Amino acid sequence: ETEAKAVTLRAIAVFDAVARSGSVAQAALALGLSPPAVSQQLRNLEGALGQALVDHARRPLDLTPAGRAYLPHARAALAELRAGEAALSLMDLTRLRSLRLGLIDDFDNEVTPRLTVALAGVLAQCDLTLTTLLSHVILDQVATRKLDIGVTALPGETLDGIVAVPLLRDPFLLVVPRGHLAGPPDGLGAMRGLPFIRYERGQLLGRQIAAQLARLRLNPEGRVEMDSNQALMSLVAAGGGWAITTALSVWRARRLQGQMDVHPLPIAGFARTIGLVHPVGWQAEIAGVIAATLRDILRAQVVEPGRAELPWLGPALTLLPEG
């Protein structure tokens, strides 16, 4: 009597990676395995389940009907395991007596509540203060030690006295009123006659967009500047103009997406980096635990649903590796 083959966690992770990339080689690179090892793990899983999950004859690889049916269950299992690992890691925070945390408002809907619940669950003896602030304010308050940790857009240059841990690559996109363009434009001239709505240039986001336009010697017409992402998106949705924004900002305003079209930028692409920052000398081990927890939340609440909503984003919206 032969022993039944078991479904392993490694095999499930391999199947998920192959489903995402459509390539054994790319899945191997993502997981730090060799391509033959990925192929073997995939075939082991198929043998254990008694079903072909992938059409091995197609390039890029495509899922079979059985693979498509199994995939959401595999991903749910992986998500639960990551959540369990994060909960165990967060136990290291029990020795903290106070934590002052600042987050950008881009995270208000999806990330901040989940991070707060995760932290509060293990900080019973800790005074937790969580504040929503603009990126440049978070950076200033971490530098002056008014905050222990911040989650913010990173400015790009080295920050004196601050450790920065990159978490998310958030690409800049084009948003226009629904139906204004027949498809993705070839250049910004396609928006002629519709004003450009800017983020207020006192904000880091507004400065990053202005700097990129200046590098490309572009000066789109428009005199309106706004300091609120929701207000800017609402104005675009109402037909008041077009804007350059980020994938995360679009995801926050998805209630308006039926009134807007989102396209890749028709100029040299660029992105901002969202990261965790803390003062030099602050507790790096605890900062690492919080960063790992944030990566899990960002994967589930931003990257995966964002790519599903806008499949053409692909790897442009992505978690950044540790270290």
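### Concerning unusual backbone geometry
No. 1: The omega angle of the peptide bond from Arg59 to Pro60 is 0°, so this bond is cis rather than trans.
No. 2: The residue Pro60 is located in the loop between strand S1 (54-55) and strand S2 (62-63) in this model.
No. 3: At Arg145, a residue that is not glycine, the phi angle is positive and equals roughly 65°.

### Observations concerning empty space enclosed by the protein
No. 1: Throughout the structure, instances matching the rule amount to two cavities of 30 Å³ or more.
No. 2: Reported here for the largest cavity is a volume of approximately 50 Å³.
No. 3: Of all the secondary structure elements, the ones that give two or more residues to the lining of the largest cavity are helix H9 (247-252) and helix H10 (284-309).
No. 4: Across the lining of the largest cavity, the residue classes break down as seven nonpolar, two polar and one charged.
No. 5: In this structure, the second largest cavity encloses a volume near 40 Å³.
No. 6: Of all the secondary structure elements, the ones that give two or more residues to the lining of the second largest cavity are strand S7 (197-199) and helix H7 (204-215).
No. 7: The element best represented in the lining of the second largest cavity is H7, accounting for four residues.
No. 8: Taken together, the residues of the lining of the second largest cavity break down into five nonpolar, one polar and two charged.

### Digging into the packing of aromatic side chains
No. 1: According to the stated counting rule, one finds three aromatic pairs in the structure shown.
No. 2: An angle of 40° between the planes, with centres 5.8 Å apart, marks the rings of Phe15 and Tyr70 as tilted. Of the two residues, Phe15 sits in helix H1 (residues 9-21) while Tyr70 sits in helix H4 (residues 65-90), which places them 55 residues apart along the sequence. Of the two residues, Phe15 and Tyr70, neither departs from the other in class, the shared state being buried.
No. 3: Lying across the ring of Trp251, Arg254 places its NZ or CZ 4.1 Å from the centre.

### Section: the environment of Leu194
No. 1: Positionally, Leu194 belongs in the loop between strand S6 (162-177) and S7.
No. 2: Note on Leu194: relative accessible area 12%, which makes it buried.
No. 3: It is 7.5 Å that separates the C-alpha atoms of Leu194 and Gly240, two residues lying 46 residues apart in sequence.
No. 4: Non-local contacts of Leu194, meaning those with residues more than four positions away in its chain, are made with Pro177, His180, Gly239, Gly241 and Trp242.

### Looking at the side chain of Thr112
No. 1: Counting through the fold element by element, Thr112 comes out in helix H5 (residues 112-120).
No. 2: Not counting chain neighbours up to four residues away, the residues in contact with Thr112 comprise Leu103, Phe107 and Leu130.

### Remarks on the packing of H1 against helix H2 (residues 24-31)
A pair of packed helices is characterised by two quantities: the angle between their axes and the separation of those axes.
No. 1: Where H1 meets H2, the axes come as close as 8 Å, and the angle between the chain directions of the two elements is 125°. In terms of their interaxial angle, H1 and H2 are classed as oblique. The two elements H1 and H2 cross, and the hand of that crossing is right-handed. Between H1, through Ala13, Val14, Ala17, Val18 and Ser21, and H2, the contact on the second element is made entirely by Gln26, Ala27 and Leu31.

### Describing the confidence of the model for the chain
Segments scoring low in pLDDT should not have their predicted coordinates read at a detailed level.
No. 1: On average, residues of the chain score 87 in pLDDT, and 93% of them are at 70 or above.
No. 2: Across the chain, the secondary-structure element scoring lowest on mean pLDDT is H4, at 80, and the one scoring highest is strand S9 (residues 243-246), at 95.

### Quick word on the nonpolar core
No. 1: Phe107, Leu168, Met233, Trp242 and Ile244 are the most contacted members of the largest nonpolar core, which has 74 residues in total.
No. 2: Those residues in contact with Met233 that sit more than four places away from it in its chain are Val175, Tyr199, Thr245, Ser249, Val250, Ala253, Leu256 and Met260.
No. 3: Grouped together as the second largest cluster of nonpolar side chains are 20 residues, Ala27, Ala28, Leu45 and Val54 included.

### Some remarks on the pattern of salt bridges
No. 1: Under the counting rule described, the total for this entry stands at 13 salt bridges.
No. 2: Note that Arg252 is salt-bridged to Asp105, the shortest N-O span being 3.7 Å. Highlighted residues: Arg252 in helix H9 and Asp105 in the loop between strand S3 (98-103) and H5, separated in sequence by 147 residues.
No. 3: Linking Glu110 and Arg114 is a salt bridge whose minimum nitrogen-to-oxygen distance equals 4.0 Å.
No. 4: A network of salt bridges, in which partner residues are shared, links Asp16, Arg20, Arg75 and Glu304.

What counts, and at which threshold
Residues numbered from 1 in each chain as written. Predicted model: local features only at pLDDT ≥ 70, side-chain atom pairs only at ≥ 80, totals over all residues. Heavy atoms only, no water. Helix = DSSP H or I, 4+ residues; strand = E, 2+ residues; numbered from the N terminus. 1 Å grid on protein atoms, 1.4 Å probe; cavity = no way out; pocket = protein on both sides within 12 Å on 5 of 7 lines; lining within 4 Å. Points joined across faces, edges and corners; volume = space filled by probe spheres on them. Nonpolar A, V, L, I, M, F, W, Y, C, P; charged D, E, K, R; others polar. Phe/Tyr/Trp six-rings, centres within 6.5 Å; stacked < 30°, edge-to-face > 60°. Buried < 20%, exposed > 50% of the residue type's maximum accessible area, 1.4 Å probe, protein only. Lys NZ or Arg CZ within 6 Å of the ring centre and 35° of its normal. Contact = heavy atoms within 4.5 Å. Axes fitted to C-alpha atoms, helices over the stretch in contact; angles between N-to-C directions. Parallel < 35°, antiparallel > 145°, perpendicular 65-115°, else oblique. Left-handed = near helix turned anticlockwise from the far one by under 90°. pLDDT = per-residue confidence, 0-100. Core = buried A, V, L, I, M, F, W, Y, C linked by side-chain atoms within 4.5 Å. Salt bridge = Lys/Arg side-chain N within 4 Å of Asp/Glu carboxyl O.

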